[in-house]
Amino acid sequence: MKHLNDSTILNNGVHMPWFGLGTFKAEGAEVANAVTTALELGYRSIDTAAVYGNEEEVGQSIASSGVARDSLFVTTKVWNSDQGYDTTLKAFDTSCQKLGLDIIDLYLIHWPGKDKYKDTWRALERLYEEGRVRAIGVSNFQIHHLEELRKDSGIVPAVNQVELHPRFIQKELHDYCVQHQIQIEAWAPLMKGRLQDNELLQGIAGKHGKTVSQVILRWGLQNRIVIIPKSVTPSRIRENSEIFDFELSSEEVSAISALDAGERIGTDPDKLMF
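Residues numbered from 1 in each chain as written. Predicted model: local features only at pLDDT ≥ 70, side-chain atom pairs only at ≥ 80, totals over all residues. Heavy atoms only, no water.

## Section: the environment of D86
Phase 1 of the analysis: The residue D86 is located in helix 3 (residues 85-99) in this model.
Phase 2 of the analysis: Separated by 25 residues in sequence, D86 and W111 have C-alpha atoms that sit 17 Å apart. (Helix = DSSP H or I, 4+ residues; strand = E, 2+ residues; numbered from the N terminus.)

Structure below.
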């Protein structure tokens, strides 16, 4: 992973950049400018979701960027209230219209919930088989959710996007996904800035002449985790991407992983029932 647009190969042969821009809780001109900045800096992967309320702005920035569509990787997600077979198909159409795209690169089930995700997955399978999406996956799925899908589906999710950072490395889930060729992807890879004062990370950052955020993101890459840090600040969007000119030692990677404390900052998927 030596370049901004180096990619992993998903279980269906589709190439997905290891690094991209997250857009959670960014709306209006703010998210439009962030996407424009990212694309100008060479980002080619943009992650959004129906519930973020910014698909239209993301799509407009993509359209006006001048970047060839086939060099971009766009992810969006079906929200909880739209889960179910027919409602998911309708939600997908709405997302495509807002994004101004005929084909989505990666479409995810945003949360597993209680029992609708199997019908939702059948809808994603149909979209995939029809060629309307290049890859399908899930978000916030635990091992037992993934096992339930395996019972009924011949298509293994290409990606599982979950909360993952040095204080919550989800080793068992990560190992499961590696075993079943499901690419793990981290949301909140920087733990929303809560690791900036960590002495270990500060020491490693100083050694490499990098910031704490850059060290955390590099740790993610070296653990073969797709990362999508969110920022709307141009200088931070640039800083986050400048992680391909150094490498952490195996000892540093292990030391950072040892910060794990099972500490979530988001919702436990097994407690979000709908």
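## Let's talk about the side chain of E239
Phase 1 of the analysis: Looking at the secondary structure, you find E239 in helix 9 (residues 234-241).
Phase 2 of the analysis: Residue classification places E239 among the buried residues on the basis of a relative accessible area of 18%.
Phase 3 of the analysis: What E239 contacts, discounting residues up to four positions off in sequence, is T211, S213 and Q214. (Buried < 20%, exposed > 50% of the residue type's maximum accessible area, 1.4 Å probe, protein only. Contact = heavy atoms within 4.5 Å.)

## Concerning the packing of aromatic side chains
Phase 1 of the analysis: In total, this model carries five aromatic pairs according to the counting rule given.
Phase 2 of the analysis: Consider the rings of Y117 and F141, whose centres lie 5.4 Å apart with planes at 80 degrees: the pair is edge-to-face. Here Y117, found in helix 4 (residues 117-129), pairs with F141, found in the loop between strand 7 (133-139) and helix 5 (143-152); they are 24 residues apart in sequence, far enough to count as distant.
Phase 3 of the analysis: Look at Y117 and you get buried, because its relative accessible area is 6%.
Phase 4 of the analysis: Looking at F141, the relative accessible area reads 0%, which means it is buried. (Phe/Tyr/Trp six-rings, centres within 6.5 Å; stacked < 30°, edge-to-face > 60°.)

## A short note on the packing of helix 1 (residues 28-41) against helix 9
Phase 1 of the analysis: In the contact formed by helix 1 and helix 9, the axes pass within 10 Å of each other and the chain directions differ by 40 degrees. The angle between the axes of helix 1 and helix 9 places the two elements in the oblique class. In this structure, helix 1 crosses over helix 9, and the sense of that crossing is right-handed. In contact with A34, T37, A38 and L41 of helix 1, helix 9 contributes P234, I237 and R238.
Phase 2 of the analysis: A class-by-class count of the residues in the contact of helix 1 with helix 9 yields five nonpolar, one polar and one charged. (Axes fitted to C-alpha atoms, helices over the stretch in contact; angles between N-to-C directions. Parallel < 35°, antiparallel > 145°, perpendicular 65-115°, else oblique. Left-handed = near helix turned anticlockwise from the far one by under 90°. Nonpolar A, V, L, I, M, F, W, Y, C, P; charged D, E, K, R; others polar.)

## Comments concerning helix 4
Phase 1 of the analysis: Along its 13 residues, helix 4 runs 18 Å from first to last C-alpha, staying within 8% of the 18 Å computed at 1.5 Å per residue.
Phase 2 of the analysis: Burial in helix 4 covers these residues: Y117, T120, W121, A123, L124, E125 and L127.
Phase 3 of the analysis: Taken together, the buried residues of helix 4 touch strand 5 (73-78), helix 3, strand 6 (104-109), strand 7 and helix 5.
Phase 4 of the analysis: In the segment just after helix 4, G131 is the residue with positive phi, at about 80 degrees. (Expected span 1.5 Å × (residues − 1).)

## Digging into the pairing of strand 9 (residues 183-187)
Phase 1 of the analysis: The buried count for strand 9 comes to five of five residues, which makes it a mostly enclosed element.
Phase 2 of the analysis: Of the two faces of strand 9, the one lined by Q183, E185 and W187 and the one lined by I184 and A186 are each fully buried.
Phase 3 of the analysis: Crossover connection from strand 8 (residues 159-163) via helix 6 (residues 171-179) to parallel strand 9: handedness right-handed.
Phase 4 of the analysis: As paired strands, strand 9 and strand 10 (residues 226-227) are joined by two bridges and run parallel to one another. Paired with E185 across the two strands is V226, which belongs to strand 10. (Right-handed = clockwise from strand over helix to strand, strands pointing away. Pairing = 2+ DSSP bridges.)

## As for the environment of T120
Phase 1 of the analysis: Its location among the elements puts T120 in helix 4.
Phase 2 of the analysis: Residues T120 and V78, spaced 42 residues apart in sequence, show a C-alpha to C-alpha distance of 8.8 Å.
Phase 3 of the analysis: Those residues within four positions of T120 in sequence are excluded, and the remaining contacts are V78, Q83, G84, Y85, T88 and I109.
Phase 4 of the analysis: Within the structure, the side chain of T120 is placed 2.9 Å from the backbone nitrogen of G84, a separation counted as a polar contact. (Polar contact = N/O pair within 3.5 Å; in protein donor to acceptor, adjacent residues only side chain to side chain.)

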